[in-house]
Amino acid sequence: MAIGKAVYEAELLRLQTELIKLQEWVRAERARLIVVFEGRDAAGKGGTIKRVAEHLNPRVARIAALPKPTERERTQWYFQRYVEHLPAAGEIVLFDRSWYNRAGVEHVMGFCTPAEHQLFLRQCPIFERMLVEDGILLRKYWFSVSDAVQEERFRRRAEDPLRRWKLSPMDLESLTRWEAYSRAKDEMLVHTDTADAPWYVVDSDDKRSARLNMIAHLLSSVPYEDVALPPLLLPARPPSTGYERPPRELQTVVPDHAATLRKE
C-alpha cells in the first residue's frame, strides 16, 4: 500500500534534517562520500537525488550528471573523465548515472564494443576497490522499476508539458529493449556487486517509499555523528549615517505580475 502524503512529507523532512547532520560530519571530518544512483529510465533516480540534495550546501554536496563524452574523452581511459569529479576532503558527490553507463546503455545500444564492455567489467571492481582503499565512502544504489510502471511513467511524461523534456529517443528505445537491459543489469551485478563496493537495490515502483528507503539506508550506512556548530548571533544593526535609497524612478523595476493575480 502506498504511503500517505502527510506521513511521507513528515518522514522526508526528518531524514533531510539528518542529511544536514551527515553533511556537517563530512565537512568536519574531511570525509569523502560518493553516492551512485543507477537504474532504468524513469526509475525515480532524479526525484530521489533532488530530495537528497534539496537542503544541502551546494559547496559541500554536488550533483555530477555528465553528458555524453566528447571525441577527445572517447580516446581516454574510460574512467578518466569520472576521476576529476571525485570528491575532495569534506565533499559529497551524487552521481546521477556514473561510470556504469558502459555496463548499461552503452552496452545495450552498441555505443561500445563487446571488448570494451568486458574490459569495463574486469576493471570496475579494481577501480572501486582503489577508491575505497583510499578512504572514500562509496555507496551504490540500483533503482528497480517494473516494466508496467516504467511505461506508465513514460506516458505521463509524454502528456505533461513540464516533464516532456525528460523523454528522449533513447528512453523510448529502452521500452523495446527491456530484456536486453535486464540481462545487462544482471551481468553487471555479477561482476561489480563486491564486498568492497556492494550494490543496494531500491524497489522504486512507489516513488515515495523508494526515496525514504534509500535515504534512510544511506544514513544508516555512514557512521556520522552530530557536530557541535558555533552559535549564530545576529549583530546589532549600527545607527544610520544618513544613507537614503535612490528614487525608484531611476531604476528599471520588474513589472508586478503578481499584482494581476491578486483577488480584489
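If you're wondering where the values come from, they're calculated on a predicted model, not measured in any experiment. (Residues numbered from 1 in each chain as written. Predicted model: local features only at pLDDT ≥ 70, side-chain atom pairs only at ≥ 80, totals over all residues. Heavy atoms only, no water.)

## Here's the deal with the overall build of the chain
Short version of the rule: Each helix corresponds to a stretch of at least 4 residues labelled H or I by DSSP, and each strand to a stretch of at least 2 residues labelled E; elements are numbered beginning at the N terminus. Contacts are assigned to residue pairs with any non-hydrogen atoms lying within 4.5 Å of each other. Asp and Glu are treated as the negative residues and Lys and Arg as the positive ones, with His and the ends of the chain left uncounted. A charge is said to be at NZ when it belongs to Lys, at CZ for Arg, at CG for Asp and at CD for Glu.
If you tally the helices and strands in the chain, you get 10 helices and 5 strands. Each of the three principal axes of the chain carries a C-alpha extent, and together these read 75 × 45 × 45 Å. Nonlocal contacts in the chain, meaning residues at least 24 apart in sequence, comprise 80% of its contacts between residues at least 6 apart. Where the 40 positive side-chain charges of the chain centre and where its 39 negative ones centre are 3 Å apart.

## As for the state of the cysteines
To keep it simple, the criterion reads: Pairs of cysteine sulfur atoms within 2.5 Å are identified as disulfides in what follows. Only protein chains enter the accessibility calculation, which uses a 1.4 Å probe; a residue whose area is less than 20% of its type maximum is buried, one above 50% is exposed, and one in between is partly exposed.
Under the defined criterion, the tally for this structure stands at 0 disulfides. The thiol of cysteine 112 is not disulfide-bonded; the next cysteine sulfur, from cysteine 124, is found 13 Å away. Looking at cysteine 112, the relative accessible area reads 10%, which means it is buried.

## A closer look at the pattern of salt bridges
Formally: Criterion for a salt bridge: a side-chain nitrogen of Lys or Arg within 4 Å of a carboxyl oxygen of Asp or Glu.
According to the stated counting rule, one finds 19 salt bridges in the structure shown. A salt bridge links arginine 97 to aspartate 41; its shortest N-O distance comes to 3.0 Å. With arginine 97 in the loop between strand E3 (91-96) and helix H5 (105-109) and aspartate 41 in the loop between strand E1 (32-39) and helix H2 (45-53), this residue pair connects regions lying 56 residues apart in the sequence. Judged by its relative accessible area of 15%, aspartate 41 falls in the buried class. Of the charged contacts, one joins glutamate 152 and arginine 156 as a salt bridge, the two residues approaching to 3.6 Å between their closest N and O atoms.

## As for the packing of aromatic side chains
Here is the rule: Here a Phe, Tyr or Trp ring, Trp counted by its six-membered ring, pairs with any other such ring whose centre lies within 6.5 Å, and the pair is stacked when the planes are under 30 degrees apart, edge-to-face when over 60, and tilted otherwise.
The final tally for this structure, using the stated rule, is 17 aromatic pairs. Where phenylalanine 79 meets phenylalanine 120, the ring centres are 5.6 Å apart and the plane angle is 15°; that geometry is what we call stacked. Linking phenylalanine 79 in the loop between helix H3 (71-74) and helix H4 (80-83) with phenylalanine 120 in helix H6 (residues 114-133), this pair joins segments that are 41 residues apart in sequence. According to the relative accessible area criterion, phenylalanine 79 is buried, its value standing at 1%. In this structure phenylalanine 120 comes out as buried when scored by relative accessible area, which is 2%. Considering the side-chain rings of tyrosine 100 and tryptophan 199, the 4.8 Å spacing of their centres and the 65° angle between planes classify their relative orientation as edge-to-face. Of this pair, tyrosine 100 sits in the loop between E3 and H5 while tryptophan 199 is found in strand E5 (residues 199-203), placing the two residues 99 residues apart along the sequence. Judged by relative accessible area, tyrosine 100 falls into the buried class, the value being 2%.

## With respect to helix H1 (residues 5-29)
To keep things clear, this is the line we draw: Helices are assigned an expected span. That span is 1.5 Å times one less than the residue count.
Look at H1: 35 Å from first C-alpha to last across 25 residues, which is about the 36 Å you get at 1.5 Å a residue. Elements in contact with the buried residues of H1: E1, H2, E3, strand E4 (137-144) and helix H10 (207-221). Residue arginine 30 follows H1 closely and has a positive phi angle near 55°.

## Quick look at the side chain of arginine 153
Quick note on the threshold: Any pair of nitrogen or oxygen atoms within 3.5 Å is treated as a polar contact; in protein, a donor-acceptor pairing is required on top of that, and neighbouring residues in sequence qualify only through side-chain atoms on both sides.
Its location among the elements puts arginine 153 in helix H7 (residues 147-159). This buried residue, arginine 153, is left without a salt bridge; aspartate 205 holds the nearest opposite charge, at 5.3 Å. A distance of 2.8 Å separates a polar side-chain atom of arginine 153 from the backbone oxygen of alanine 42. When neighbours within four sequence positions are excluded, arginine 153 is seen to be in contact with Ala42, Ala43, Gly44, Val145, Ser204, Asp205, Asp206 and Lys207.

## Some words on the UniProt feature "domain: Polyphosphate kinase-2-related" (unreviewed entry) in the chain
Going by this rule: UniProt positions are given in the numbering used here, feature names are shortened, and annotations may be inferred rather than shown by experiment.
Mapped onto the present numbering, the UniProt feature "domain: Polyphosphate kinase-2-related" (unreviewed entry) falls on residues 5-227. Across residues 5-227, the secondary structure splits into 53% helix and 14% strand, with the terminal C-alpha atoms separated by 31 Å.

## Section: the packing of H2 against H10
The criterion, for reference: Lines are fitted to the C-alpha atoms to define the axes, a helix being fitted only along its stretch in contact, and any angle between axes, read from their N-to-C directions, falls within 0 to 180 degrees. Note that the term roughly parallel is reserved for angles under 35 degrees, roughly antiparallel for angles over 145, roughly perpendicular for angles of 65 to 115, and oblique for everything else. By the definition used in this description, the sense in which the near helix is turned from the far one sets the handedness, with an anticlockwise turn below a right angle giving left-handed and a clockwise turn giving right-handed.
Packing of H2 against H10 leaves a shortest axis separation of 10 Å and a crossing angle of 50°. Accordingly, the angle class assigned to the pair H2 and H10 is oblique. Along this stretch, H2 crosses H10, giving a crossing that reads as right-handed. For the pair H2 and H10, contact is made by Gly47, Thr48, Arg51 and Val52 and by Arg211, Met214 and Ile215, respectively.

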